[in-house]
Amino acid sequence: MALLDVKKLKIYYYTLSGIVKAVDNVTFSLEKGEVLGLAGESGCGKSTLGYGLIGLIPPPGRVAGGSIVLDGKELTKLSSEELRKVRWNEISMIFQGAMNALNPVYTVGFQLAEPLIIHKGFTKREALERAAELLEAVGLHRNMVRRYPHELSGGQKQRVVIAMSLILNPKLVIADEPTTALDVVVQAQIMNLFKKIKNEYRLSIIFITHDLSLIAEIADRVAIMYAGKIVEIGSSEQVFNNPYHPYTKGLLNSIPRIRHKEKITWIPGVPPDLRAPPPGCRFHPRCPYAMDVCRREEPEMKAVEPGHYVACWLY
Ligand SMILES: Nc1ncnc2c1ncn2[C@@H]1O[C@H](COP(=O)(O)OP(=O)(O)OP(=O)(O)O)[C@@H](O)[C@H]1O
Ligand SMILES: [Mg+2]
């Protein structure tokens, strides 16, 4: 049985100017110890999907349909009290930009220790000891427990935020753009840290980023999202070496390579307004291969090889 099984998940924001269908009929699963990379242009619904999985969708958003099963438990049917027990204990999230949202008035140690005191009944001394151990596990000095967030560099803050996501030993961590805003050297260090914790803790990770090269480095499988939908999903090898969807191909062609001076191309146009997405395939207005059927009917996910699925009328 998969650790996480998401089926036909819909998350909509009910705004005054219309319903934003930010996640629309998303289906995928995740095995224990597996890393799934989730990529797509800005605004395609990556963060919203993460919020949905952890049950923290900001208003006016809510789950409008579908199911999320974690370890046999249907999360969309839990009461907020029951969900609170699952959140952080079984599934945690590193929020986009979280390193800039550490509480400035508390020490790093206190912020790490607090959930252990509240959720696990640790004494303050036990919790601080565990916080110090975890800081060492993410490559920081244990004395950091006494420091305040403003005394840390960006890379150090990001390590603290990663430690926070691990403090209650979850099975699944959703990491939303965890290296964006870091310089390339620190970014590489943080990527190595993710590889280390993945192996040591046998964690499942959903790694959200707009940067496909990071996904190539860490993910076992890749899901490509466009305008609220997963358009292609498969193993990293399948998706990177043999992409099928024109959108995936476009994304891969827009990665600049320093050594081979190939011409980079980009996808013309912009993603649609999710209050009124185009009919049929949502990518058709930007697709060089668009046919009549693409403008009329939405393509279903089809297997193009074992484990590799694409939603496109070309196949
Ligand atoms: N609180 C909100 N109210 C209304 N619409 C929202 C809200 N939050 C997000 N949206 C809309 O939902 C869609 C998906 O947003 P989301 O933040 O999930 O995208 P993303 O893929 O994470 O983008 P980025 O790469 O920029 O972080 C966007 O069209 C966005 O405008
Ligand atoms: Mg986001």
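Our structure is the block above this text.
Residues numbered from 1 in each chain as written. Chains lettered and ligands numbered in written order. Predicted model: local features only at pLDDT ≥ 70, side-chain atom pairs only at ≥ 80, totals over all residues. Heavy atoms only, no water.

*Asks:* Could you clarify how one ought to interpret the side chain of Arg221 in this entry?
*Replies:* If you trace the backbone, Arg221 turns up in strand β9 (residues 221-226). Residue Arg221 is classed as buried on the basis of its relative accessible area, which comes to 18%. Here the side chain of Arg221 touches Ser29 through a polar contact of 2.3 Å, landing on its backbone oxygen. Residues in contact with Arg221, not counting those within four places in the same chain, are Ser29, Leu30, Glu34, Val35, Leu36, Gly37, Ile233, Gly234, Ser235 and Ser236. (Helix = DSSP H or I, 4+ residues; strand = E, 2+ residues; numbered from the N terminus. Buried < 20%, exposed > 50% of the residue type's maximum accessible area, 1.4 Å probe, protein only. Polar contact = N/O pair within 3.5 Å; in protein donor to acceptor, adjacent residues only side chain to side chain. Contact = heavy atoms within 4.5 Å.)

*Asks:* Explanation requested: empty space enclosed by the protein in the structure shown.
*Replies:* Over the atoms, a rolling probe the size of a water molecule traces out where space has been left empty. Here the structure, examined in full by the defined rule, presents one cavity of 30 Å³ or more. Together, 14 residues line the largest cavity, and Cys281, Cys287, Cys294, Cys312 and Trp313 are the ones closest to its centre. Classifying every residue of the lining of the largest cavity by side-chain character gives 12 nonpolar, two polar and no charged. (1 Å grid on protein atoms, 1.4 Å probe; cavity = no way out; pocket = protein on both sides within 12 Å on 5 of 7 lines; lining within 4 Å. Points joined across faces, edges and corners; volume = space filled by probe spheres on them. Nonpolar A, V, L, I, M, F, W, Y, C, P; charged D, E, K, R; others polar.)

*Asks:* I tried to follow the layout of surface pockets on my own but got confused; where do I start?
*Replies:* Approximately 580 Å³ is the volume found for the largest pocket. Taken together, 27 residues make up the lining of the largest pocket; nearest its centre are Asn25, Thr27, Ile230, Glu300 and Met301. Those elements giving two or more residues to the lining of the largest pocket turn out to be β1 (4-15), β2 (18-30), β9 and β10 (229-235). Of the residues assigned to the lining of the largest pocket, the class counts are 12 nonpolar, six polar and nine charged. Of the volumes computed, that of the second largest pocket is approximately 500 Å³. Taken together, 22 residues make up the lining of the second largest pocket; nearest its centre are Trp88, Gln111, Pro115, Met164 and Ser165. When residues of the lining of the second largest pocket are traced back to their parent elements, those giving at least two are β6 (91-94), α3 (108-120) and α5 (154-166). Among the elements that make up the lining of the second largest pocket, the one with the highest residue count is α3 (six residues). Grouping the amino acids of the lining of the second largest pocket by side-chain chemistry returns 16 nonpolar, five polar and one charged.

*Asks:* Is there a simple way to think about the site of ligand 1 in this case?
*Replies:* The environment of ligand 1 is made up of 16 residues, and the closest members are Ser42, Gly43, Lys46, Ser47 and Thr48. The contact in question runs from an oxygen atom of ligand 1 to an N or O atom on the side chain of Ser42, over 2.5 Å. Measuring from an oxygen atom of ligand 1, one finds a side-chain N or O atom of Gln96 at 2.9 Å. In the complex, 69% of the free accessible area of ligand 1, which totals 640 Å², lies under the protein chains. Of all elements in the fold, only β1, β2 and α1 (46-54) reach the threshold of two or more residues within the shell around ligand 1. At three residues, the largest contribution of residues to the shell around ligand 1 is made by α1. (Near = heavy atom within 4 Å. Areas by Shrake-Rupley, 256 points an atom, 1.4 Å probe, with all protein chains shown as cover.)

*Asks:* Explanation requested: the sheet that holds β10 in the structure shown.
*Replies:* Sheets are built from strands paired through backbone hydrogen bonds, the pairs being either parallel or antiparallel. On the basis of which strands lie adjacent, the open sheet formed by eight strands has the order β6-β7-β8-β3-β9-β10-β12-β11 and mixed pairing. Single-partner strands in this sheet number two, and they are β6 and β11 (302-305). This sheet shows a mean twist of 20° between the axes of neighbouring strands, independent of strand direction. Relative to strand β8 (residues 204-208), strand β3 (residues 35-39) runs parallel, the two being bridged by four bridges. Its bridge partner being in β8, Val35 is matched across the sheet by Ile205. Along the sheet, α5 makes contact with β6 and β7 (172-176), crossing β6 at roughly 165°. Packing against the sheet, helix α6 (residues 184-201) makes contact with β3, β6, β7 and β8, and its axis sits at approximately 160° to β8. (Pairing = 2+ DSSP bridges. Axes fitted to C-alpha atoms, helices over the stretch in contact; angles between N-to-C directions.)

*Asks:* Help me understand the pairing of β10, please; the structure alone is not making it clear to me.
*Replies:* Counting buried positions over the seven residues of β10 gives six, a clear majority of the element. Inspection of the sheet shows β9 paired to β10 by six bridges, in the antiparallel sense. Paired with Met225 across the two strands is Ile230, which belongs to β10. Linking β9 to β10, which pair antiparallel, is a turn of two residues; within it Ala227 sits at a positive phi near 50°.

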